[in-house]
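# Analysis of the macromolecular model
What follows is the residue order along each chain.
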Amino acid sequence: MCGLAGFFRSPSTPYREAHRGWLEAMGQAIIHRGPDAGAVWLDDHLGMVHRRLSILDLSEAGTQPMVSRSGRYVIAFNGEIYNYVELRQALNTAGFTFRTQTDTEVLLALFEHKGVNCLSELNGMFAIAIWDTEAKQLFLARDRLGKKPLYYYQEGGQFAFASEIKALIPVPFIRTELRQDAVKDFFAYQYVPDPKSIYNNIHKLPPGHWLITNGEGCELQQYWDLSFANPSSASQSELETGLYDLIDDAVRLRMVSDVPLGAFLSGGIDSSAVVGLMAGHSSQPVTTCAIGFDSKRFDEVQWAKKVAEQFHTDHHEFTVRENVAGSLSGIARYFDEPFADPSFVPTYFVSELARQKVTVALAGDGGDENFAGYSKYRTDQIENRLRNLFPGPLRHSLFPVLAKMAGGFGTPTTRKAQSLLGTLAMEPDRSFFVTNSFFRQSVWDDLVRGDLKRETEGYDPADITRAHYANADTDDHLGKILYTDIKTYLPGDILVKVDRMSMANSLETRAPLLDYRVVEYAASIPSALKLNGKEKKYILKHAFEKLLPEDVLYRKKMGFSVPLAQWLRSEIFELADAVFRSDDGGLAQCFDMHKVRKLWQNHQRGQDQNTQELWSMLAFELWWGAYQR
């Protein structure tokens, strides 16, 4: 895995002699992404820097930025192209020759051969920057699902790009003005959805898109989208066989490495299936790593150990017991935007553990979004069935009144009734947003103040969810929801978390269940075979019955959760208490701190209904202290 950055050079700028220093500072900001090597490249129009984590062809021949044989193109590349051997063979037939054994050189030759059309032939995770020295154009591209990050800055004739925002900051012309609607998005989603960033003029290149620019104007195009329009008519047995074989091939492709390779293992079906398939392709024991907690409710290490014993892996465990507060601020710095998925903490520690043993780790990411594995899908299914029992006019007029009445009692039961009646009154797309929002509208309205309130008064973060829901090419409700999560939650939360936490430890992670062939195949499987009654991931479980034991396949899912309410009362109490008692910080510019402190006091008395809001506010302040103070 690697990091890249660069910017257009203005011929008239008086600072041209400083540009090499700017590039070196950009590279230094992301040295954790590539500690093995780094290089700077400049011509009269563009400068690029690359940091390398050596995975394939460990020699200096693989150093980037890399110049094509013709001398016309220069590439800086972050990621892995898993089918590069087959592509190399085809390019050899077309007359291309190669100096290295890297996938980077293959990618560069393929672009020279086919231009932007090369993207449809790539199976991998990637962020690509290619400079055309003749046309004076920069080509940027990001993989289909958004495994690898790519940001760009554009304002007033200035253009820069980087793997992480922190690599843009050293450039003097970069302005970091807070984007208020993105702040509101963060509190609703726990992350900032693309193409926005937390700053006005810094944008994320969306997954499955490419961009071409001369430094002033930009052409942005989508080259891939996921279709749910054609559900398969194959039998369940045929679908199971095809799914198993496809995931097995995806695992095989991701085991190519010139450095030690292992896997994350939670003991859930996704990571267990990956480890089991890895064992079948390896003559040596697979190295596996698991994270546990002192809290039995959130601890899954016993299941990971069971799977490790079944496949005779070289297994390692780490338990998160203490010093969470001491680690939290430092870990949070790796996110250049506010980010509040609390599972980033165990993800960091499992990456740290894995890096002591390997340089590449396979993971089970993507199984929940592809095969309806989250509990929220079952909750939504129940709500939608109830919604369909009542005429729309009745729901819209009566249910909000009943919800308000239920809320007046203030008991846990009536609060649940209030929430259910409120979502049943809504249409399915808005209901899905509200049910899964991490900052309730009523709490937001009570707390928000100042510029944030004024500038976001008419803005609704639900519009992001609703737009993706409407864009799905199916009438099937579950299909629309899965499409929405694959476009929002997956790239904005899950993949950001894994990328930043693994890269913080200079560890490359690979996700076989996010092979685009698996994702497209999953989209063709009828929804009833994903969420079948109460059974989530129905077809995935049946497909792997020949590999995994029943108690692993059918046990209750925990996910990579943390004991958050407990942490706020114990492990991170002092850190959080200092934040919520302060009137000097980013949080105080957004919210009424007197009311925030009331929520905090109620939490300490055992009232957990505002756990997510409190955690989101703490995460925001940790980011503010690192980057805005």
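Conventions adopted
Residues numbered from 1 in each chain as written. Predicted model: local features only at pLDDT ≥ 70, side-chain atom pairs only at ≥ 80, totals over all residues. Heavy atoms only, no water. Helix = DSSP H or I, 4+ residues; strand = E, 2+ residues; numbered from the N terminus. Rg over C-alpha atoms; globule rule 2.2 N^0.38 Å. Buried < 20%, exposed > 50% of the residue type's maximum accessible area, 1.4 Å probe, protein only. Axes fitted to C-alpha atoms, helices over the stretch in contact; angles between N-to-C directions. Parallel < 35°, antiparallel > 145°, perpendicular 65-115°, else oblique. Contact = heavy atoms within 4.5 Å. Nonpolar A, V, L, I, M, F, W, Y, C, P; charged D, E, K, R; others polar. Salt bridge = Lys/Arg side-chain N within 4 Å of Asp/Glu carboxyl O.

Turning our eyes to something else, we now look at the overall build of the protein. A tally of regular secondary structure across the protein gives 27 helices and 17 strands. In summary, the protein has a C-alpha radius of gyration of 24 Å against a globular reference of 25 Å for 629 residues, a match within 12%. Taken over the C-alpha atoms alone, the protein extends approximately 75 × 60 × 50 Å along its principal axes. Counting across all 629 residues of the protein, residues that qualify as buried make up 60%.

Between helix α24 (residues 573-581) and helix α27 (residues 611-627), the least distance of the axes is 10 Å, while the angle of their chain directions is 80 degrees. As judged from the angle between their axes, α24 and α27 are roughly perpendicular. Every residue of α27 that contacts α24 at Leu575, Ala576, Val579 and Phe580 is listed here: Leu614, Met617, Leu618, Glu621 and Leu622. When its residues are assigned to classes, the contact of α24 with α27 shows 8 nonpolar, no polar and 1 charged.

All chains considered together, the criterion is met by 39 salt bridges. Across the salt bridge formed by Lys114 and Glu121, the nearest N and O atoms sit 2.3 Å from each other. A residue is classified by how much of its surface remains accessible, and Lys114, at 36% relative accessible area, is partly exposed. Linking Lys541 and Glu535 is a salt bridge whose minimum nitrogen-to-oxygen distance equals 2.4 Å. Judged by relative accessible area, Lys541 falls into the buried class, the value being 8%. Residues joined by salt bridges that share partners form a network here, namely Arg33, Lys148, Glu164, Lys166, Asp336, Asp499 and Arg500.

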